[in-house]
Amino acid sequence: MDRHKHPHFNSAVHLLLLTIFTALQTVTWGAHAIESPSPKELLIGFKATPDPSISSFQPLLFDKSGNYSLGFLRVDPNHLSLSVLHVPSSVPLWSANTTRLPRWADPTQVFFNGSLVLSDSHTGVFWSTDTIGDRVWLSNTSNLIVQKLDGETVLWQSFDFPSDTLVENQNFTTAMTLVSSNGLYSMRLGPDYVGLYARFGNSGSDPGRIYLKHRALEAKADIVEGRPIYLVLKSDGYLGMFQTGSTIPVDVQSFNTFQQNVSGIRRVRLEPDGNLKGYYWTGSSWVLDYLAISEPCELPSSCGSYGLCKPGKECSCLENRTVHGSSGCGPVENRVSGDLCGAYENRFRVLRRSGVELPFKELMGYRKMASIEMCEGACEGNCTCWGVVYSNSSGFCYMLDYPIQTLVAVGDETKTGYFKVREGVGKKKVDAWLGLGLGLFFGAVLVFAGVLGLGWYKLRNRGVKGYVEEEGVVGIGPYKDLGAASFRSIELCER
C-alpha cells in the first residue's frame, strides 16, 4: 500500500508512535515547561526549530492557565509531531495531520506567516492551516485558533480537525472523523446514529466494517429528517447527540458520573483496541468513566488475528496447535490488508472451528443457505472471501471479506467457521530460497567434479610426458616421431 495515498493511515501511524513514545516519558518536564517563557500568542514572523537537547516536549505556546501547550513532541528518537498537550498529564489531545513524520532536526521548523506552517527546507511543507491570519493562540479548552486581530474572526481551529480525542464542549459533526492511533478504527456520524468502523482490508475512502451503531433514542426530542446531527461531550457527564438549531438532545449516552460534579476536565478517546472511552481528570490522574463497548469479546479484534475470545477476555487461538501471542495467532502475512486474489489465489490452507460466532454479527450481512457445505462453497472459489461463519439453526451464512480477526467462543457447536489461512508470502519466499540453495549446491558439486576430473587428466598426462622426457625418448628433429611408440611401450610396461 502506498502510504502517501492514504493520509488517514499515515496520520494514524504517527499517532500510534506518539502514544507509545509519550507513555514512556515522565511528566517531570511539565513543571519546567510551565515555567518557560513561551508566549501566549504567536504573531506573524514567529519561527521555531527543534532543540536537540530536549528529550520529550518542546513548548512553543501556552494557554493563559498553563494547562495546555502547543509544541514539538517526540514520537520516536528522531521524529516529532506538532501537538497540543494537557500539560499536567502530558497526554496529547490533538496532533497536526501530517502526511509524513518531520525529523527532530534543524531543517524542520514551524513558522507563522498568516498560516501556521510545519515544514523543512529539504522536504517542503508537512502541514499548514492555509489561512491569512494575524495571530495564533490557545484557548483554555485546548482549542488552537488562527484569528484576525479583531478578536472575533476565527479562520481556523483545531476543534474542527480532531485526531483521536474529543474534549469537553467540542462539537463533533458529520464532516469529521476520529481515527485511532493505529489507524484501524474510526468514528463517524450517520443521519441518526454514531458508528464505529474497523478498516480490515479496506482502502481508499471506504470507512470499513461497522462494528457499533448507536442510534438516537429520541427520548427528549425527535429527529427532523434532513437536519444534520452533531455530538458533544457535556460537562454533566454524557455524550449528547443534537440536531442543528436545537439545544434539546435527541440522545444521551451517560457516563458513570452522569449529572455529578467533577472538579477536572473530561475527554473521550477512540482507543487502539477500537473502544470509545471517556475519562475525567482528578487533578493527578485520568479516571475511566465510560465504555462504549463494555464486553471485551464484543470488540472487533480483542484477541488479534485468528484469535478466539471467551467471556471475560480469555484469549486463545482458533487453531488449537497455535499459541496465542500479543499480536494474535495468525501468520504475519495474514494480518495485513488485502485479499486472496492475484499472486495469492489458491495459496491458502483451510481452518475449521465449531462453537464460534462473530462479535458484531447483528451488523453483518448474511445469506440464507441450506447447509454448511453450501456456505463454504460460496467462499472457497471467491478470492475476496477470507472465510464464513454458519449457523445451522438459522441457516445464516456470514461471509468475511477481510482478513480473519477475533471470533467469539459459544457453547452451540452447530455454529461453525471456515477460514482461509494465506500461505503465499512466507511459503513462497521459503520455497524460492530452498530452490536457490539446492541449485547452488548441485551446481557447486558439478563444478567441483569437473575440476577434479580436469586435474586428474592433466596430472596423468603430465606424469607420462615427464617420464618420457626424462628418459630422452622424445626427440627433436628426426627422432620426434618415437614419442607415440614410446607411449605404447610405457603402457605395456605398466601392465
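Notes on the structure follow.

The rules we used
Along every chain, residues carry numbers that run from 1 in the direction the sequence is written. Owing to the predicted nature of the model, reporting of local features is limited to residues with pLDDT of at least 70; listing and counting of side-chain atom pairs is limited to 80 or more, with chain, interface and lining totals taken over all residues. Hydrogens and waters are ignored; side-chain quantities use all the structure's heavy atoms. Elements are defined by DSSP. Helices are runs of H or I of four residues or more, strands are runs of E of two residues or more, and each kind is numbered from the N terminus. Working definition: with a 1.4 Å probe on protein chains only, accessible area under 20% of the residue-type maximum means buried, over 50% means exposed, and in between means partly exposed. When DSSP locates at least two bridges between a pair of strands, those strands are taken to pair. Every case where a carboxyl oxygen of Asp or Glu lies within 4 Å of a side-chain nitrogen of Lys or Arg is listed as a salt bridge. Of all possible arcs, the one meant is that of the directions from the helix axis to the C-beta atoms. For this analysis, a polar contact is any N or O atom pair within 3.5 Å, provided that within protein one partner can donate a hydrogen and the other can accept it, and provided that sequence-adjacent residues contribute only side-chain to side-chain pairs.

Quick look at unusual backbone geometry
In this structure, Ser142 takes a positive phi of about 85° despite not being glycine. With respect to the helices, strands and loops of the structure, Ser142 is situated in the loop between strand 10 (135-138) and strand 11 (144-147). The phi angle at Glu218 is positive, at roughly 55°, despite the residue not being glycine. In this structure, Glu218 sits in the loop between strand 18 (209-215) and strand 19 (229-234). On the basis of relative accessibility, which here comes to 31%, the residue Glu218 falls in the partly exposed class.

As for the pairing of strand 31 (residues 396-400)
Note: strand 29 (residues 367-368) against strand 31, two bridges, orientation antiparallel. Bridging across to strand 31, Lys368 finds its partner in Phe396. Note that strand 30 (residues 387-391) and strand 31 share four bridges and pair antiparallel. When the bridges of strand 31 are listed, Tyr390 appears paired with Cys397. The hairpin formed by strand 30 and strand 31 contains four residues between the paired strands, and Gly395 there has a positive phi angle of roughly 80°.

Overview of the pattern of salt bridges
One pass over the structure, following the stated rule, counts ten salt bridges. A salt bridge links Glu41 to Arg135; the shortest N-O distance between them is 2.8 Å. Of this pair, Glu41 sits in strand 1 (residues 41-43) while Arg135 sits in strand 10, and the two are 94 residues apart along the sequence. Arg269 is the salt-bridge partner of Asp164, the closest N and O atoms lying 3.0 Å from each other. Of this pair, Asp164 sits in the loop between strand 12 (154-157) and strand 13 (165-167) while Arg269 sits in strand 22 (residues 266-270); the two residues are 105 residues apart in sequence, bridging distant segments of the chain.

Points about helix 3 (residues 372-380)
Every buried residue belonging to helix 3 is among Ile372, Cys375, Glu376 and Cys379, and all of these are buried. Across the axial projection of helix 3, the buried residues extend over an arc of 95°, all falling on one side.

Regarding the environment of Asp63
Considering the arrangement of structural elements, one finds Asp63 in the loop between strand 3 (57-62) and strand 4 (68-76). On a C-alpha basis, the gap between Asp63 and Asn143 in space is 9.2 Å, while along the polypeptide they are 80 residues apart. A distance of 2.4 Å separates the side chain of Asp63 from the side chain of Ser65, its partner in a polar contact.

What about the sheet that holds strand 29?
Spatially, 27-33-30-31-29 is the arrangement adopted by the five strands of the open sheet, whose pairing is antiparallel. Edge positions in the sheet fall to strand 27 (348-354) and strand 29, since each has one partner strand and no second. Two elements, strand 30 and strand 33 (residues 415-422), share five bridges in a ladder whose sense is antiparallel. Counterpart to Gly387 in the pairing with strand 33 is Phe419.

Quick notes on the sheet that holds strand 16 (residues 185-189)
In any sheet, the strands associate via hydrogen bonds between backbone groups, in a parallel or an antiparallel arrangement. Read from one edge of the open sheet, four strands run 15-16-17-18, paired in antiparallel fashion. Strands with a single pairing partner mark the edges of an open sheet, and in this sheet they are strand 15 (178-179) and strand 18. Across six bridges, strand 17 (residues 193-198) lies against strand 18 in antiparallel orientation. Of the residues in strand 18, the one forming a bridge with Tyr193 is Arg215.

Don't take any of this as a statement about function, it's just geometry.
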